[in-house]
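# Structural overview
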Amino acid sequence: MEIQQPQSSVVPLSLLIDYLVQKTYHDLIVLSELLPRKSDVERKTSIYQFSNRTHQQFVRLLALVKWACKASRVDKCTEIIMFLDKQASLFVETANNLFFVANDSVKDACVPVLNLQSAVDVMVGGTYSRLPTAIRDKIIPKGSLSSKEKADTLDQITRIIEQRLVLCRVPMRFKSVIIKRGFVELTVPHIFSVKLTVTNDDFKQPWRLLSFDVLVQNPLTDDPRPPIHYNQKEYLTQLMASRLFNPEVEPLQDLCTVAYSFGLLLQLEILYTQAITMKNNAWKSSIIILDYQPGRILMIGYWRDLPLLGAQNAALVIYNNPDLDPLGSYKVDHRPDILYIPTQDAVRLDESNLSLEQLLLDSIKHRAHQFLSNLKDRLLKIPNLTIEEGYESAFIDEELKVRYYDNILLTFSVYIYTGVIFCECNYKLVPQELMKAVNENGPLLEPLQKIRTQVAMLTIKTKLVSMEVKHHLSLNITNTRDFPQLVAMTTAFYLRFKNNNQYCMVMDLSSDKLEYFLLKIAPVVKTMDNKHVIQFRVISCIKMNEIPVFGIQDISILDPIDVFVLVERAILYTLLIEEWKKKGQRCLGDVPLCYNKNYCVRLLTLPTNHAVLKQLLKDLTVHVHCLSPSVIKYTLAFHTRHPSLPANTIGIVQPIYSSALKVVVDKFSIYWRGVHYLFTLVYNYQALLPGATPPLGKIIRYNFNSAVISYTIDSKEYKVYIDPKQNKFNLRFFTTESGDPNPHSLIRDHLEHELGIHACIFKLLVTLHRTVHMCRVLYNLPQVTYFGLLKGVPTYRTLWTYLIHSSNSVRLVYKNNMAVDIMCYKSNSYGLKDASLTLGSSSKTMRYSAIYLLPKLIDVISKKVDDATYEAMVAPVVSPTDSKYPAASPGTPGYPQSHPATPSTGTGGYPQPGTPGHPSQPATPSGYPNPSPIQSKPQPSPQNPSPFVQPNPSPLGAPSPAIMSLMSPQTPQYMPPSPAPVPSPGSGYMQQPSPGGHPQNILGSPNYRNPTSQTSYGITPSPSGGTKTQARVYRSTSTIYFNRKMLEALLDPKSNPFGGKRPALENLITASLRKRHIVTVVPDVKGLSLRSNELMSTTLSHELAYYKFSIDPTLQSLQLSVKSLRDSFWNKYLTDTLCSYFSLKVASPPFEISAIPSFLRILGSPKDILLQFINIMSLEMNKENEFQWSLSLYLIIPPEIDYTAHGLQAGISGIIFSNTKILFYVRLSHHHRPNNPVVIPLVYDTTANNIKIPDIHPSDYMTQRIQAHLKVNHPGSTGANGVIVSSLIELLQNLDPSFPSKQSFQPKPS
């Protein structure tokens, strides 16, 4: 930047500082562009000189600044001098202006000589036709050339250029000569390009240079501009232009020589820069710059100190001799020389892509090929080694693959950074010795043999991992000298059998052909240095190659692991045959099979007395397969062509597994026992099929190990799976094709027990057909859980509980309060009896049980449902003092005694053993237990009464023919008892869930409460925790007999003749329980008293009215009626509202026991409180009001509220009265927030006559809004509705339902 000096020679300090800063920045930019092209020493020198020079300049500037800050007098003098200089400049400027005025303006202002000639022309002719020449030359512009003239001129210049190029010598380096638009463009590709033209047609005039462009580029940068500075380019342009004026040489030749020399110099400089970058980055110490001369030579060394190169360094040389050939290009050479490089693959410098790394990689590739070629020549001399296909004449991806002994694949590759030859094996081994021999030109045969040994050991170890076999590289044998075969082994591998430690197999790997030896050894313990050392003594040594194993003459052709498995199987088969012989069972020995080359053992004797099974056992074969040293698989194969077997019998039994040879025979004996029992069942049932019309079921699959039986009931096909395991028959029930579950899963345990006792499929099918309708009805009972069913229990509970006494008798319990026993006699005959007395309830609470109304309900159903018949039979029952279950027991008066029945051979029955058409059941095999899971037949007990008995004459007279038909001889008379005693209520006995997936609840489940803890029902707990029982005589227990239609009408929700979603029996029980609970709770309710308690109704007395709770005529619900004592208070609106709310919210299902105390407290409240709560009920039931919110009153504490810490837990009564306060819960719902209702507790203070939210309730944005609305209704402003109703109406009308933003709501601490 050029500074304009003022006339007074004074420079501003700011201008001086700006100048110095800009100059420093300019020098720094130039230095950064020039440094990469210099050597390390030159760069350091330039940086030091720049730093020193810049430092001195800024030191001087600092001294000047410090001096200027303190020179106040100098400043004053400077101002005076500047003022004087300004005055002087004004004088000079005035003098100059006067000079210009005198010489220019004044001269032009003088009166010129009059032009008389022009004046005469104007006066005579009236025109002025002659214009002065000066005016024409200065004012009228000259005309420009036209496009045609321009084109002609350019064409003329182009012809002149063509003539000059023909007459002069154009260098051969110019590969492109383009003449166009008056200039010629000469280009040396990737080096430089010039544009020339001429000014005239004189051939002696020099060429005129228009432009000069450098085309050399660095491919490692993204900048398309040449790697030179702008100043360098200007200098080169001037230099090239000066070369065109030298008359002593050819101008074009001289220009090409100079420009080409600069291009070569720049190319080598770029390669040198790339070498430095590679050395500092990826390649690091792998390369070294051996020599560099700008424009002449660049030598890069790699692969230093390699034995394959004779301790020399491999080098890549890029050189050129400008003295001999100024226009010659760079050549590439290798040190030492690489032989056998094809001409088409020779390494050349690509001027279009200057990449030193690519040149180096090409050189390394050719040298690696030479290394691998020499290695291939060495490897071909080794026997049993072949070159992999595709690598005979070329190398794929710089790799050489060879195969040794057909299983070892070796891959040789050269590491590009060091030149070391690496070797990889397909078995993931690292052959260090082989790599050392390859890189040091050592012998290769011995390392290859070691690799083969390692691969063989590794292969065997890998295959033996799953077999858990002990393997050793050496074995401490004491008597090796006694066996020359062991002494000759140089490399051996020892394999010991896990289950047979006395045997050991040895593999000799020292020779080309594997040799196997079987040793029988014995351990010897010796003490050495006070330590016990285990050694082995060889008893015998057998060479396995000379002995055929399982028919294989030469085992050396097999895989080593296959040889081991064959030998182990041979040992196992030998020991297994010996073990079976010890048990007295004959076997044929190992017999070859025709499939999979496996072998098996054929047993000739098995324990059985069944004649048909003996015939099938003639060809029975036990296939023994050794899956591993610890797992042996057994498979039984039968012939299935016997006429007594099902048509679809499968002869191959599912395999069984054993883990040790010692328990093989015992496990097989247990397994065979199950096969024997199942065959007896199937054979006996197949013998009964021809006499059964129609058959109850058919065996659709049988494989001697399991059977699947299909039976059809009501056009639905069911399947049961029989599996004899763990000394019992296991039953599994499948779902139907439509996806319906099998209801018999409820009584599965009892069916298994009966099958184990009777050992008869026919009896099983009879029971299944008889009980299907009862099980289906029980299975379809509602299983939905409800909240608040039990008093003070804040959890979800179910309503029904099952107690399965037997396959024909079920106790059905409702909420541990009511229970009935349901007995099944035939598919269309059932019995029902009250079992509530067994639950431990007192006589007071059981005075009016729902079961007493059951005959009336059944009578109503029989009149409403066609074909629904019933008949009742009453028998007195005495409760013993020492029984937890006050039910009938044998020996008591009125208890029907059981009589053994003999099934007949009539239609629908089954023939007795010994009768024609029924073969006698064979005896049990000797030494085997009875097939029944329970050895002795239990007798009927009070807990398991058998319904299949002949009843004694009852006080009502002789039974009717319908009742007698239930006891017909065609029905199986024996009902087996339960496999385990029925637990007492609260005993904690837990039964397993049903396999069918349906929840089978029992007394020990959480739904079944212990009645000893419920003192509110009149039960007094004893000091020992039990219940005090006294000898007392109850009313006669009624047994009601009915058919299937009546059963479905009672228990099936879909068949309820009165409608609804609940069974008719459940509706009766819930109505009775509600009525009974009202009687229990009313003594604790203030304002109410019990006026009367009858079978169908209960009346409560209040100061305002009588409240009568009565069961409706259909016995399905409990109704409320109000009889007014003060006509001035009650009206039809209040009475209808109260009764409707009781029917919809209290008496409707589900039965919430905690809701009744809340409703009774409302009924017993004072007049004003009762009126307000009735209005709240009206607001809840009236859905057509115009409020934006809808209201719901909670009779129990909802699960959304958690006040457990304050003694208020969810599920208990939600309306609580104290002396002066009333607590109740409401729910507010809005259509704009359907998933976010507001549940809040409210406290009404009768003394202060206000309503508020309790302090224990958490404070959120809705609580704050509601609290603000409640403050509006202060005492004295309530009107006729009262504080509670007016406050709720205020909330329903004006409460804001919107959600707050995150910034606007800040919750207050609760």
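Now for a quick tour of the structure. (Residues numbered from 1 in each chain as written. Predicted model: local features only at pLDDT ≥ 70, side-chain atom pairs only at ≥ 80, totals over all residues. Heavy atoms only, no water.)

## A word on the overall build of the protein
Along the backbone of the protein there are 26 helices and 43 strands. Among the 1310 residues that make up the protein, the fraction classed as buried is 45%. Taking contacts inside the protein between residues at least 6 apart in sequence as the whole, the part at least 24 apart equals 56%. Taken as a whole, the protein presents about 68,800 Å² of accessible surface, with 54% of it coming from carbon and sulfur. (Helix = DSSP H or I, 4+ residues; strand = E, 2+ residues; numbered from the N terminus. Buried < 20%, exposed > 50% of the residue type's maximum accessible area, 1.4 Å probe, protein only. Contact = heavy atoms within 4.5 Å. Areas by Shrake-Rupley, 256 points an atom, 1.4 Å probe, with all protein chains shown as cover.)

## Points about the pairing of strand β38 (residues 1118–1124)
Sheet topology places strand β37 (residues 1105–1111) next to β38; seven bridges connect them, and they run antiparallel. Across the sheet, the residue bridging to Tyr1107 is Val1122, located in β38. In this antiparallel pair of consecutive strands, β37 and β38, the connection spans six residues, and Leu1115 shows a positive phi of 60 degrees. (Pairing = 2+ DSSP bridges.)

## A short note on the pairing of β37
With respect to burial, β37 is a largely interior element, five of its seven residues being buried. Note that strand β36 (residues 1097–1101) and β37 share five bridges and pair antiparallel. Residue pairing for β37: Ser1097 is matched across the bridge by Ser1110. Taken together, β36 and the strand that follows it, β37, pair antiparallel across an intervening segment of three residues.

## Some remarks on the sheet that holds strand β4 (residues 208–214)
Pairing within the open sheet is antiparallel, and its four strands lie in the order β1-β2-β3-β4. Looking at strand neighbours, the two that pair on one side only are β1 (176–180) and β4, the edges of this open sheet. The sheet shows a mean angle of 15 degrees between the axes of neighbouring strands, taken without regard to direction. Bridge count between β1 and strand β2 (residues 183–188): five bridges; the pairing is antiparallel. Residue pairing across strands places Ser176 opposite Thr187, the latter belonging to β2. (Axes fitted to C-alpha atoms, helices over the stretch in contact; angles between N-to-C directions.)

## Quick look at the side chain of Thr24
Position of Thr24 among the secondary structure elements: in helix α1 (residues 13–34). For Thr24, a relative accessible area of 16% corresponds to the buried category. At 2.8 Å, the side chain of Thr24 and the backbone oxygen of Leu20 are in polar contact. Residues in contact with Thr24, not counting those within four places in the same chain, are Phe50, Thr54 and Phe58. (Polar contact = N/O pair within 3.5 Å; in protein donor to acceptor, adjacent residues only side chain to side chain.)

## Topic: the sheet that holds strand β10 (residues 399–404)
If you trace the four strands from one edge of the open sheet to the other, you get β9-β10-β11-β12, paired in antiparallel fashion. Across the chains shown, the open sheet's two edge strands, defined by having one partner strand only, are β9 (385–387) and β12 (421–425). Strand-to-strand, the axes of this sheet are offset by a mean angle of 25 degrees, without reference to chain direction. Against the sheet, helix α9 (residues 356–379) touches β9, β10, β11 (408–414) and β12, its axis set at about 15 degrees to β10. The sheet contacts of helix α10 (residues 432–439) involve β11 and β12, and relative to β12 the element is tilted by about 150 degrees.

## Things to note about the nonpolar core
Nonpolar side chains in soluble globular proteins tend to end up buried together. Of all hydrophobic cores here, the largest spans 156 residues; its most connected members are Tyr1107 and Trp1130. It is helix α15 (residues 664–688) that provides the largest number of residues to this core, a total of 13 residues. By size, the runner-up hydrophobic cluster in this structure holds 84 residues, among which are Leu165, Phe192, Trp283 and Ile421. (Core = buried A, V, L, I, M, F, W, Y, C linked by side-chain atoms within 4.5 Å.)

## With respect to the packing of aromatic side chains
Tallied over the full model, the rule gives 23 aromatic pairs. With a centroid separation of 5.0 Å and 65 degrees between ring planes, the pair formed by Trp800 and Tyr814 is classed as edge-to-face. One end of the pair, Trp800, is in strand β29 (residues 800–804); the other, Tyr814, is in strand β30 (residues 809–814), with 14 residues separating them in the sequence. Across the pair, Tyr814 and Trp800 agree in class, each one buried. (Phe/Tyr/Trp six-rings, centres within 6.5 Å; stacked < 30°, edge-to-face > 60°.)

These values are about where atoms sit, not about what they do.
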